[in-house]
There are 2 protein chains.
Amino acid sequence: MRTSGRVTIPTDESFVEGTREIAAKWGADAVRDCDGTVLPKNAKELGKVYNTYFIVRGDNEWGRRHPEEAQRIFLMSERVLAVESSVKIPFMAGFLRDQFDPDYANISRWQVCDRTTGEMLAADEWEVNRKKHEITIPKAKKMHEYTVSFLARVTWHPVQVYNYITNNWTCEKQLTYDPAYPATKEYIKKHMREWCENNPDTSVVRFTTFLYQFTLIFNEQGKEKYVDWFGYGQTANLVLMDEFEKETGLKLTAEDFVDGGYYNNTFRNPTLKFRKWQDFIARFVSKTVRALVDICHEYGKEAMMFLGDDWIGAEPYGKYFSDMNLDAVVGSVGGGVTVRMLSEIPHVKYREGRFLPYFFPDTFFEGNEQGAVDELNRNWLTARRALMRKPLDRMGFGGYLSLAAKFPDFVSRVTEICDEFRTIIHAVGENKPYCALKVGILNAWGSLRSWQSHMVAHELWYQQIYSYQGILESLSGLPIDVAFLSFDDVRNGVPEGIDVLVNAGDAYTAFSGGKEWRCEKLQAAIREFVYNGGGFVGVGEPTACEGNGRYFQLADVLGVDEEVGFTLSQDKYNIEKAAHELTEGLGKTDYGEDKKNIYALNGTKVLDIAFSDRFKRSVNVGEVKMAANEFGKGKSFYITGLPYSFENSRLLYKALTWCAGKDLYRAYAENVNVECNYYPASGKYALVNNGKQEQTTDFYDVKGNKRTVVLAPMQIKWIEE
Amino acid sequence: MRTSGRVTIPTDESFVEGTREIAAKWGADAVRDCDGTVLPKNAKELGKVYNTYFIVRGDNEWGRRHPEEAQRIFLMSERVLAVESSVKIPFMAGFLRDQFDPDYANISRWQVCDRTTGEMLAADEWEVNRKKHEITIPKAKKMHEYTVSFLARVTWHPVQVYNYITNNWTCEKQLTYDPAYPATKEYIKKHMREWCENNPDTSVVRFTTFLYQFTLIFNEQGKEKYVDWFGYGQTANLVLMDEFEKETGLKLTAEDFVDGGYYNNTFRNPTLKFRKWQDFIARFVSKTVRALVDICHEYGKEAMMFLGDDWIGAEPYGKYFSDMNLDAVVGSVGGGVTVRMLSEIPHVKYREGRFLPYFFPDTFFEGNEQGAVDELNRNWLTARRALMRKPLDRMGFGGYLSLAAKFPDFVSRVTEICDEFRTIIHAVGENKPYCALKVGILNAWGSLRSWQSHMVAHELWYQQIYSYQGILESLSGLPIDVAFLSFDDVRNGVPEGIDVLVNAGDAYTAFSGGKEWRCEKLQAAIREFVYNGGGFVGVGEPTACEGNGRYFQLADVLGVDEEVGFTLSQDKYNIEKAAHELTEGLGKTDYGEDKKNIYALNGTKVLDIAFSDRFKRSVNVGEVKMAANEFGKGKSFYITGLPYSFENSRLLYKALTWCAGKDLYRAYAENVNVECNYYPASGKYALVNNGKQEQTTDFYDVKGNKRTVVLAPMQIKWIEE
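Residues numbered from 1 in each chain as written. Chains lettered and ligands numbered in written order. Predicted model: local features only at pLDDT ≥ 70, side-chain atom pairs only at ≥ 80, totals over all residues. Heavy atoms only, no water.

A look at the packing of aromatic side chains
All chains considered together, the criterion is met by 102 aromatic pairs over all chains. For the ring pair Tyr358 of chain A and Phe360 of chain A, a centre distance of 5.3 Å and an interplane angle of 5 degrees mean the geometry is stacked. We classify Tyr358 of chain A as partly exposed; its relative accessible area is 26%. By relative accessible area, Phe360 of chain A is classed as partly exposed at 26%. Site record: aromatic cluster; members linked through ring pairs are Trp26, Phe359, Phe364, Phe397, Phe407 and Phe410 of chain A. For the cation-ring pair, Lys225 of chain A lies above Phe95 of chain A, with the distance from its terminal atom to the ring centre recorded as 4.9 Å. Across from the ring centre of Tyr573 of chain A, 4.3 Å away, lies the NZ or CZ of Lys223 of chain B, which sits over that ring. (Phe/Tyr/Trp six-rings, centres within 6.5 Å; stacked < 30°, edge-to-face > 60°. Buried < 20%, exposed > 50% of the residue type's maximum accessible area, 1.4 Å probe, protein only. Lys NZ or Arg CZ within 6 Å of the ring centre and 35° of its normal.)

Written as structure tokens, this is what we have:
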């Protein structure tokens, strides 16, 4: 069925006719500019017009006139060993000179740290050579390591550094400025107003993004040195720090930012002080951005947030997000997790996803049409699972449309996808699909990082995270309600409505929880919840924090613990794999990065266990990979890792329904390639074939009635009740 | 060459003639009794006579008359969840009723602990039901876990429990008694004297062993529940605890013993309080044993210690060992490590090793002669490496000699081995073999646990230890001087003469060191040592203790650190394998249990790195398995694990000589199956073929001159300078 609307395409002044043709095919109703392109003069005729807008960069003239209002960051130098009784630290070593300029005017805020003891040196214990960018410690402790945490002006916007170096640009390097300083504070409002005046055709101001860039540091060769998509490194504004101190009584030091070189990254269990700073920054950002959004609205333009470059303090699931009064959010779609991350953002009128592939020459080169179509399908099929649960409002593409236009099969497949996208929205709309149960993902961040746990750089693959990220990717397309809960949210009792809690991550990270698990209230609340019939799923090193004779603090609930060397003396006899409904017919499971040295407590059902081929014994051998436990009226499930795959997603679904005591065979397709979504309001079922082959499956409706259904490759089959 | 002497064999009254024949073949000059056998009346004619002697068990009449003087242990009950506002703990659940009897007379020493908070309850917060062996906590915190740490009388000696249950005995269960109590204190001296009177033929009193059994706890089914060969659990004597408090001002509580259920096992970083208790117990044991040894000497008998059952407080490498004035030590030989553990024991006249296999029906059954010979050779070849470095003074066998006598090939191979054993002693004797360098094994225990690191139960295989134990097994036969150093030994400077330090183990264990590594003096001392030319070898998780931005506190020395989730944001570019002399020609290395997530710092030479096949990238991928680093004038080597094999032993030797800056090609056989020992005093080289095939090898003498040598299977070839 041909439909239209809800699609944004890139265009530029040299491809107006082509744009018109493709827009017709895809039903596009909006155009956008792209890095290095200029919109055609009559862009408005093509539909709504999106225009990129930068708040804190782009006007180097302003930046040059107000160097004192540049953005700031605390950087930790490399560690330098004191070989003699005095030591010199060339603190800019390893940093990109063009990105940072040491802020000597505020040297009183710098800290020199003995990293061997963790102690800060007094101001009179070190000297600075401003020409050489070098600190000297005249009386160092020999064989101790020292660092300098220095304040620097950010003299080159990190995102432009990346684009500039990647694309061999030669344009001017963009300075930064900070609206927390008085002149820039007024300037950004004036600039916004002028820009609106000068861009009458723009329907949508696409903010890319707001005030503070996530932490992104380059090394002396211009290669990325440090990246944390959630990082507050660049919020080190001294005016704000002073105001924060006035408000809270808490004085922020350089160490509060550099955190021993960890920079409070998202895997660190956040300190209360840091959480308060985040809250303070979020209030400042939302207030500041609101003023600009109001101006956009005054000029009849919509305000759209790109999620995100300078998105720090503007977190869509944060407390003050609604205060900005934004109209829309756009972000890129890598898979189901990023769809849900975008599609569930509250307080905006619409949410747009930019799909892959980009229309760039790395994909759209001569002879690679099938490659482009394959990438399109891969991206679409992964994202579609999540769209079936909670659709985006719009979709879009990026890059050079003229490149895509050269591949007719690609254009035609996008045409089908755009139609399918609109069909999904039509069918699902605002109707909440049937959910078999409600899961609470429990970590230090809770709802603030909804659909954003276990990420370092946005969507980038890391070996240490995919085995946990697979849980969210699975959930993004499962008929399960998902809540993100912080430890504070459950400390006084697990919220009503939660069927199963999930705790997943490496020991001591913010996602597992580290020392939070030594909190008696937290432990008791979760035991109470499970004991009375709730479910608990642990992945990796859940509830891990050594103490009181245990590594997993809720080992009693989970039925497993990890051998870290302290319990080798305790004999372990529960080493036999037990038959269980969760593993019936299950093949070899992919545990991803897996965990070693997990053992089962007595009474636990061992669902999978690996034995070393080096030694055979009937005690103290074997590493548990998967286990199930009953605790009071409740149940728990443990697995060492869960990378995303059709099989693992299904295993998780089974485990969650089992833990929740629900009937698996309701609105359920037995074939793992097929998933069933049910929409009670319309009485429709959507059976979705996630694979590229034809599939036959047993399908159970919501009452448990079974029939057999055949699906074409990639098909969505709609079945009415 | 036929020689004789230095061999002890088992015998019994029914096999006198056979004993005589075999003794002649093997050159045996001593006989011993064995569990369940009686020595022949004229045993003396067969040679020296060893007789088993027990101090604190065996006289149940005495035990029954003095129940208040039974040995004591603090046991921690299983954890019990408070489901309601009151909770009952049947604290004997999970323990073997016959082994332990709750000591209600000393209930004031018991502790009830809220294991969720770690807090102890006040005495009026719990009640005991002595009939049911049950504690009630009337006002428990709901969903908290509670334990009872109760004092128990040890009413069945743990070693007899094991023998009794394993062999289906039906004899009387042996009680225990404790010479720290006044009556038993006198009794054991009287008994010793009487026994000497009644056993005139005995030449050697084989103490099996002294006062306090290592911690060995059985469960309600009579299966081992907890075992720590180094454990002080059974030293919980109240008289001694009171004296200890008087001496040190430190009051020991139940928790000091049960340690959350870990019972201060040897993998725990010992607290200062526990170390002081160990010292106190050692003084008491050596003083008490000395009195008995004096009696033996008075009767012209030698005193021999079996290492060890009740050996706690009598550690051969302890400070007070010499005070006991023992004549000899005997222990079982599992491989090179146990040989060196025995052969280096100071302050005795001779050290005897009991070799494998035991002459028991599990090996000596019809048709298994070749199996018995194979086990004999395996044991002998592994042990021989160590004997070449530091020979034992005597060897022996255990079991029923009549069984061995049925296997003529076995008897004949033992004949050869006994001759080879004597030849080695003759050649090596007290001459110190040439050592290329001196290594210091650095851990929390130091010399007290010489050749005893990474052991749980004596010689038993555990998956979590063999990758470290392989280091000692390698060293036991390498031309390297080995010292065992505690952190205290190096805190103020690494001792003179050490070329390379080795730190090996899992993070936070006593062997890696845990929080010791946050000590600035320790860090500085080792950096100083390496910086000035010393070597450092790390295996597994050396120097690991998260803090100050690092996991491995000496990451700068090692050149590697472990990703535990906090440094994911830091880009890692050093992921290419570098050519290096240590890995030249090296095949696939066996890392044993291996470690994940190790990454190299800049400048480090990555010697081996594993990549996941899930994703390809040029940054932030790969797990380092082996690395070399230069630090000042010194060098370091890191490897994730080092189980024993010929190849790994050679790799370790190469790494150590490289770190020490020594020439590898001195007194060296290039073929990994062959090892070279050089004895400067006699000017002799022994080339030892450790394998069962003929080997050809390049051999370098101590001046570096090369020649080619061929060795028969298992041959030792002696070459004179």
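Still more to cover.
Topic: the interface of chain B and chain A
Facing the 74 residues of chain B at the interface are 74 residues of chain A. Taken over both partners, the interface formed by chain B and chain A buries close to 6,600 Å², and the fraction arising from carbon and sulfur atoms is 49%. Across the chain B-chain A interface, the total number found is 14 salt bridges. Between Glu593 of chain B and Lys596 of chain A there is a salt bridge whose closest N-O contact spans 2.7 Å. Counting across the interface, chain B meets chain A through 40 residue pairs in polar contact (both at pLDDT 80 or more). (Contact = heavy atoms within 4.5 Å. Buried area = accessible area lost by both parts, 1.4 Å probe. Salt bridge = Lys/Arg side-chain N within 4 Å of Asp/Glu carboxyl O. Polar contact = N/O pair within 3.5 Å; in protein donor to acceptor, adjacent residues only side chain to side chain.)

A short note on the relation of the copies chain B and chain A
Superposing chain B onto chain A requires a rotation of 180 degrees together with a translation of 0.0 Å along the rotation axis, leaving an RMSD of 0.0 Å. What the superposition gives is, in effect, a two-fold axis relating one chain to the other. Among all residues of chain B, the one whose C-alpha sits closest to the rotation axis is Lys596 of chain B, at a distance of 4.9 Å. An overlap of 100% is found between the interface residues of chain B and their copies at the interface of chain A, pointing to a shared contact surface. (Least-squares fit on C-alpha atoms with pLDDT ≥ 70 in both.)

Here we look at the pattern of salt bridges
Scanning the model with the defined rule gives 102 salt bridges over all chains in all. Of the charged contacts, one joins Arg394 of chain A and Asp29 of chain A as a salt bridge, the two residues approaching to 2.6 Å between their closest N and O atoms. Of this pair, Arg394 of chain A sits in strand β19 (residues 394-396) while Asp29 of chain A sits in the loop between α1 (16-26) and β2 (30-32); the two residues are 365 residues apart in sequence, bridging distant segments of the chain. For Asp29 of chain A, a relative accessible area of 29% gives the class partly exposed. When the shortest N-O distance is used, the salt bridge between Glu245 of chain B and Lys251 of chain B registers 3.6 Å. Residue Glu245 of chain B is classed as partly exposed on the basis of its relative accessible area of 28%. Under the relative-accessibility criterion, Lys251 of chain B is labelled partly exposed at 46%. It is possible to trace a salt-bridge network through shared partners that takes in Arg79 and Glu145 of chain A together with Arg527, Arg550 and Asp556 of chain B. (Helix = DSSP H or I, 4+ residues; strand = E, 2+ residues; numbered from the N terminus.)

A short note on unusual backbone geometry
Residue and element names in this part refer to chain A. Between Leu356 and the following residue, Pro357, the backbone shows a cis peptide bond with an omega angle of 0 degrees. Along the polypeptide, Pro357 turns up in the loop between β18 (350-354) and α10 (369-387). With a phi close to 65 degrees, Asn597 is a non-glycine residue in the positive phi region. Along the chain, the position of Asn597 falls in the loop between β26 (560-562) and β27 (598-600). The phi torsion at Met714 lies on the positive side, around 60 degrees, for a residue other than glycine. For Met714, the position within the fold is in the loop between β35 (706-711) and β36 (716-720).

What to know about the state of the cysteines
One pass over the full model with this rule turns up 0 disulfides over all chains. Cys435 of chain A supplies the cysteine sulfur nearest to Cys659 of chain A, a cysteine that is in no disulfide, at a spacing of 17 Å. (Disulfide = S-S within 2.5 Å.)

A few points about helix α5 (residues 238-248) of chain B
Residue and element names in this part refer to chain B. Among all positions of α5, only Leu238, Leu240, Met241 and Phe244 are buried. Looking down the long axis of α5, one finds its buried residues gathered within 155 degrees of arc, a one-sided arrangement. For α5, the secondary structure elements touched by its buried residues are β4 (72-76), β12 (145-154), α6 (254-258) and α7 (272-298). One side-chain oxygen of the residue at the start of α5 lies 2.8 Å from the amide nitrogen of Val239, identifying that residue as Asn237. Backbone geometry just downstream of α5 places Gly249 in the positive-phi region, at approximately 80 degrees. (Arc of directions from axis to C-beta.)

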